[in-house]
Amino acid sequence: WLAVFLVATAGVLFVRALGSAPARPLVSRERLRPVLSVLGPLAGFVVVIDPPGPWGGLGLYAAAGLYLAFSMRWTGGHRWAVVLPVAVVVPVVAFLVFERWFLVPMPKGPLEAWLGY
């Protein structure tokens, strides 16, 4: 019954929202640009971890390194001398923490298989 109540409530709120048009846009173009500059690469990061289809992904750690490098360089404008060490060290530390310390298996790709994990 709880699910029925939640769906019914969501339906009522949706219909009410359709009836009331906002006086101004929720987000301006200028404010939407930085959000999309983070959302786009983040969506790519998720797809690169495990893309749909028969091919395998890069796994969490390699994808995290690529995401960090891309985000730091493109969004942050950092120098390569800063980007590369961070893009390598952070995924390695995350791997050690999750896989070795917490013993939590994360999605792995060909790099981890090549290293024997």
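In what follows, the structure referred to is the one given above.
Below, the structure is looked at part by part. Just so it is clear, the model here is predicted, and its values are computed rather than measured.

Moving on, we get to helix H2 (residues 29–49). In this model H2 runs 30 Å from its N-terminal to its C-terminal C-alpha over 21 residues, within 8% of the 30 Å that 1.5 Å per residue would give. Maximal helix bending in H2 amounts to about 25°, located at Val35. Inspection of H2 places Ser37, Pro41, Phe45 and Ile49 among the buried residues, and these make up the whole buried set. In this structure, the buried side of H2 is in contact with helix H3 (60–75).

With respect to the element layout, His78 can be found in the loop between H3 and helix H4 (80–101). Here the alpha-carbon distance between His78 and Val88, two residues 10 residues apart in the chain, equals 15 Å. Setting aside residues up to four positions removed in sequence, His78 forms contacts with Met72, Arg73 and Val83.

What follows is about the packing of H3 against H4. Two numbers describe a pair of packed helices, the interaxial angle and the distance between the axes. Viewed as axis vectors pointing N to C, H3 and H4 meet at an angle of 150°, and their least axial separation amounts to 9 Å. Put simply, H3 runs roughly antiparallel to H4. The two elements H3 and H4 cross, and the hand of that crossing is right-handed. Across from Tyr61, Ala64, Gly65, Leu68, Ala69, Met72 and Arg73 in H3, the residues of H4 making contact are Trp80, Val82, Val83, Val86, Ala87, Val90, Pro91, Ala94, Phe95, Phe98 and Glu99. Taken together, the residues of the contact of H3 with H4 sort by class into 15 nonpolar, 1 polar and 2 charged.

Analysis parameters
Residues numbered from 1 in each chain as written. Predicted model: local features only at pLDDT ≥ 70, side-chain atom pairs only at ≥ 80, totals over all residues. Heavy atoms only, no water. Helix = DSSP H or I, 4+ residues; strand = E, 2+ residues; numbered from the N terminus. Expected span 1.5 Å × (residues − 1). Bend = angle between axes of the 7 residues up to and from the residue. Buried < 20%, exposed > 50% of the residue type's maximum accessible area, 1.4 Å probe, protein only. Contact = heavy atoms within 4.5 Å. Axes fitted to C-alpha atoms, helices over the stretch in contact; angles between N-to-C directions. Parallel < 35°, antiparallel > 145°, perpendicular 65-115°, else oblique. Left-handed = near helix turned anticlockwise from the far one by under 90°. Nonpolar A, V, L, I, M, F, W, Y, C, P; charged D, E, K, R; others polar.

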